[in-house]
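Coordinate analysis (summary)
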Amino acid sequence: MTNKDLYQKFCANEKYIPIFMQPWWLKAVCGDYWDVALVVKGDHIHAVLPYSISNKGRYSLQPKLTQFLGPYIKYPPDQKYTTKLSYEKKIMEELILALPKFTYFKHNFSPKIDNWLPFYWSGYKQTTRYSYIIPKSYNSDDVWREMAGNIRRNIQKAEKVLTVYDSDDIDLFYKLNKNIFERQSKKIPYSLSFVKSLDKACVANEARKIYMASDKSGKIHASIYVVFDNTTVYYLMGGSDNELRTGGGTSLLMWHAIQDALDMDLDFNFEGSMIQPIERYFSSFGSMQQQLFTIEKDNRFLLQKLLSSIYQRFLK
């Protein structure tokens with residue numbers, strides 16, 4: 001069996017593999033250009049680290065619309081902290097050895113991973129990024145109480161004039177999503193066909209919901225796209241009408257999605273952003289800050305030096 005085959009079987013039996021690490025998700029965002037590093041002992045998989053493959057196998061980058069990719073480690077039960085830490089280091093060292101020798105590697109690690117020392121020792125660099133979550137231990141009253149006053153006012157304003165409903169109109173959603181980038185004079189970083197392919201996979205796995213907010217005349221003010229697994233609802237994309245975007249529609253939709261997540265006993269993850277206005281907006285919902293690591297290793301310059309050295313020797 002290939003690593004992919006083993007991984008497919010592993011995911012079928014592991015309840016808490018995040019959605020972004022599921023084989024069907026990787027197929028949707030990477031096509032066939034992905035694989036997985038495994039730590040296998042006997043008949044048991046102890047850890048996995050899926051990765052994308054691009055540029056003729058030389059690069060491994062974070063796929064589009066994919067928040068993180070692992071690692072996922074199965075810890076033996078009832079470990080002491082020191083034992084767990086030693087086990088974690090050993091497993092990570094084995095995962096690193098199982099990875100191909102990429103020229104350039106850059107991935108977001110799962111927020112469950114708070115130790116990257118073995119990668120540091122292996123020459124990787126790390127940048128800390130932040131997301132914001134509403135933990136499932138909260139209830140709606142907790143969130144409303146912690147929410148910033150301007151967000152509450154936006155929601156109350158929107159509730160008077162807007163109706164929230166579920167939609168399957170991916171073309172309309174993409175149009176609204178595209179508006180966000182056009183307002184910033186940016187090109188949307190993914191195509192409609194890419195989003196449709198991912199949406200088809202999410203629908204097949206019952207893992208997404210599209211919320212829309214419309215007024216009495218039927219005009220759509222805003223829409224958000226969320227995906228979910230057995231632990232978390234993730235805000236993936238959003239969009240709005242350019243002329244109606246100040247009516248509080250997006251805040252109202254976020255509020256509905258948060259309440260639905262809590263009703264399902266799931267965390268709600270805003271996915272975060274390092275862009276200051278977006279970070280300020282997400283944190284205004286009474287959410288908790290959550291860190292995740294971006295791990296990077298760049299051998300491009302080293303490779304150029306090596307090729308230059310070989311070339312100089314050849315000239316001699």
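What this report covers is the structure whose coordinates are included nearby. Predicted model only: the values in this text are computed from it and were never measured.

**A word on the overall build of the chain**
Within the chain one finds 11 helices and 12 strands. Taking 2.2 N^0.38 as the reference for a compact globule, 316 residues should give roughly 20 Å; the C-alpha atoms of the chain span a radius of gyration of 22 Å, in line with that estimate. Projecting the C-alpha coordinates of the chain onto the three principal axes gives extents of approximately 75 × 55 × 35 Å. Buried residues in the chain amount to 47% of all 316 residues. Surface exposure of the chain reaches about 17,100 Å², of which carbon and sulfur atoms provide 50%. A distance of 9 Å separates the average location of the 42 positive side-chain charges in the chain from that of its 33 negative side-chain charges.

**Points about the sheet that holds strand β7 (residues 163–167)**
Taken together, 9 strands build an open sheet; the order of strands is β3-β5-β12-β6-β11-β10-β9-β8-β7 and the sheet is mixed. Single-partner strands in this sheet number two, and they are β3 (59–61) and β7. Put simply, the sheet's adjacent strands are angled 25 degrees from each other on average, direction ignored. One ladder, built from 5 bridges, connects β7 with strand β8 (residues 208–214); its direction is antiparallel. Bridged to V164 within β8 is A213. Relative to the sheet, helix α9 (residues 249–263) contacts β6 (125–134), β7, β8, β9 (220–228), β10 (232–240) and β11 (267–269), its axis offset from that of β9 by approximately 30 degrees.

**Thoughts on the packing of aromatic side chains**
Geometry of an aromatic ring pair is reported as the spacing of the ring centres plus the angle between the planes. Taken as a whole and judged by the stated rule, the model has 24 aromatic pairs. When the centroid spacing of 5.3 Å and the interplanar angle of 75 degrees are considered together, the rings of F20 and F68 count as edge-to-face. Of this pair, F20 sits in the loop between α1 (3–13) and α2 (23–30) while F68 sits in the loop between β3 and β4 (72–73), placing them 48 residues apart in sequence. By the burial criterion, F20 is buried, and F68 matches it.

**Re a nonpolar patch on the surface**
A contiguous nonpolar patch, built from L117, Y120 and W121 and spanning about 350 Å² of accessible area, is present on the exposed surface. Within the secondary structure, Y120 sits in helix α4 (residues 117–121).

**Looking at the environment of R208**
Tracing the chain through its elements places R208 in strand β8. On a C-alpha basis, the gap between R208 and D229 in space is 9.1 Å, while along the polypeptide they are 21 residues apart. Every residue in contact with R208, bar those within four places of it in the chain, is listed here: S167, D168, D199, C202, V203, Y225, V226, V227 and F228. Side chain to side chain, R208 and D168 meet in a polar contact 3.0 Å long. A distance of 2.6 Å separates polar atoms of two side chains, one belonging to R208 and the other to D199.

So, how was this worked out
Residues numbered from 1 in each chain as written. Predicted model: local features only at pLDDT ≥ 70, side-chain atom pairs only at ≥ 80, totals over all residues. Heavy atoms only, no water. Helix = DSSP H or I, 4+ residues; strand = E, 2+ residues; numbered from the N terminus. Rg over C-alpha atoms; globule rule 2.2 N^0.38 Å. Buried < 20%, exposed > 50% of the residue type's maximum accessible area, 1.4 Å probe, protein only. Areas by Shrake-Rupley, 256 points an atom, 1.4 Å probe, with all protein chains shown as cover. Lys, Arg positive; Asp, Glu negative; His and termini not counted. Charge placed at Lys NZ, Arg CZ, Asp CG, Glu CD. Pairing = 2+ DSSP bridges. Axes fitted to C-alpha atoms, helices over the stretch in contact; angles between N-to-C directions. Contact = heavy atoms within 4.5 Å. Phe/Tyr/Trp six-rings, centres within 6.5 Å; stacked < 30°, edge-to-face > 60°. Patch = residues over 30% accessible without salt bridge, like charges linked within 9 Å, V, L, I, M, F, W, Y side chains within 5 Å. Salt bridge = Lys/Arg side-chain N within 4 Å of Asp/Glu carboxyl O. Polar contact = N/O pair within 3.5 Å; in protein donor to acceptor, adjacent residues only side chain to side chain.

Such coordinate-based values are descriptive only and should not be taken to indicate function.
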